[in-house]
Amino acid sequence: MRATQVLGQRGEQAAAEFLTAAGFRILARNWRCAEGEIDIVAVERHTLVVCEVKTRSSDRRGTPLESVSRAKRNRLRRLAIRWLTAHGVRFEQVRVDIVGVTPDQAGGFTVEHVRGVG
């Protein structure tokens, strides 16, 4: 496995732990369908939250949050509908969040969570 894949997996785990500690309930990770993948599907109160996790080794080429395009946010919205349909469930609200993850000096991660981007 390449170093970037390992970093991505570790970052996604850090994001899941961060969200869980913030009171989210994780329903799925790495859910795939023909149109794409959702990194994390979670619930916060009565809201379904689809999270894109971006892990970067540094900010040299921009922050992880800056790397999620408008097209990606729109695709995540469509994927949220696909997830709901595939699981036969309904939620009062659906939201797209981004979780940016970067390694810190202590060997852990700095996690930044932005709600409602799409």
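These remarks concern the structure in this document. (Residues numbered from 1 in each chain as written. Predicted model: local features only at pLDDT ≥ 70, side-chain atom pairs only at ≥ 80, totals over all residues. Heavy atoms only, no water.)

### Focus on the overall build of the chain
Link 1 in the chain: Assigned secondary structure in the chain consists of two helices and five strands.
Link 2 in the chain: The order of helices and strands in the chain, counted from the N terminus, is α-β-β-β-α-β-β.
Link 3 in the chain: The principal-axis extents of the C-alpha atoms in the chain amount to approximately 40 × 30 × 25 Å.
Link 4 in the chain: Counting all 118 residues of the chain, 38% fall into the buried class.
Link 5 in the chain: The distance from the centre of the 20 positive side-chain charges to the centre of the 13 negative ones in the chain is 5 Å. (Helix = DSSP H or I, 4+ residues; strand = E, 2+ residues; numbered from the N terminus. Buried < 20%, exposed > 50% of the residue type's maximum accessible area, 1.4 Å probe, protein only. Lys, Arg positive; Asp, Glu negative; His and termini not counted. Charge placed at Lys NZ, Arg CZ, Asp CG, Glu CD.)

### Overview of the pairing of strand β5 (residues 109-114)
Link 1 in the chain: As defined by bridge partners, strand β4 (residues 93-103) adjoins β5 across six bridges and the pair is classed as antiparallel. Note that in β5 the partner of I98 across the bridge is V114.
Link 2 in the chain: Where β4 folds back onto β5 in an antiparallel hairpin, the turn is made up of five residues, including G107, whose phi is positive at roughly 90 degrees. (Pairing = 2+ DSSP bridges.)

### Quick look at the pattern of salt bridges
Link 1 in the chain: Applying the stated criterion across every chain yields a total of seven salt bridges.
Link 2 in the chain: The partner of E35 in a salt bridge is R82, and the shortest N-O contact between them spans 2.3 Å. Residue E35 is located in the loop between β1 (25-33) and β2 (36-44), and its partner R82 is located in helix α2 (residues 70-87); the two are separated by 47 residues in the primary sequence.
Link 3 in the chain: Salt-bridge contacts for R95 lead to D97; the nearest nitrogen and oxygen are separated by 2.8 Å.
Link 4 in the chain: The exposure class of R95 is buried, given its relative accessible area of 16%. (Salt bridge = Lys/Arg side-chain N within 4 Å of Asp/Glu carboxyl O.)

### Observations regarding the sheet that holds β1
Link 1 in the chain: The strand order across the open sheet built from five strands is β1-β2-β3-β4-β5, with neighbouring strands paired in mixed fashion. One side of each edge strand has no neighbouring strand; the edge strands of this open sheet are β1 and β5. Strand-to-strand twist in this sheet, taken as the mean axis angle between neighbours without regard to direction, amounts to 30 degrees.
Link 2 in the chain: Set on the sheet, α2 makes contact with β1, β2, β3 (47-55) and β4; between it and β1 the angle comes to about 105 degrees. (Axes fitted to C-alpha atoms, helices over the stretch in contact; angles between N-to-C directions. Contact = heavy atoms within 4.5 Å.)

In short, geometric facts, not functional conclusions.
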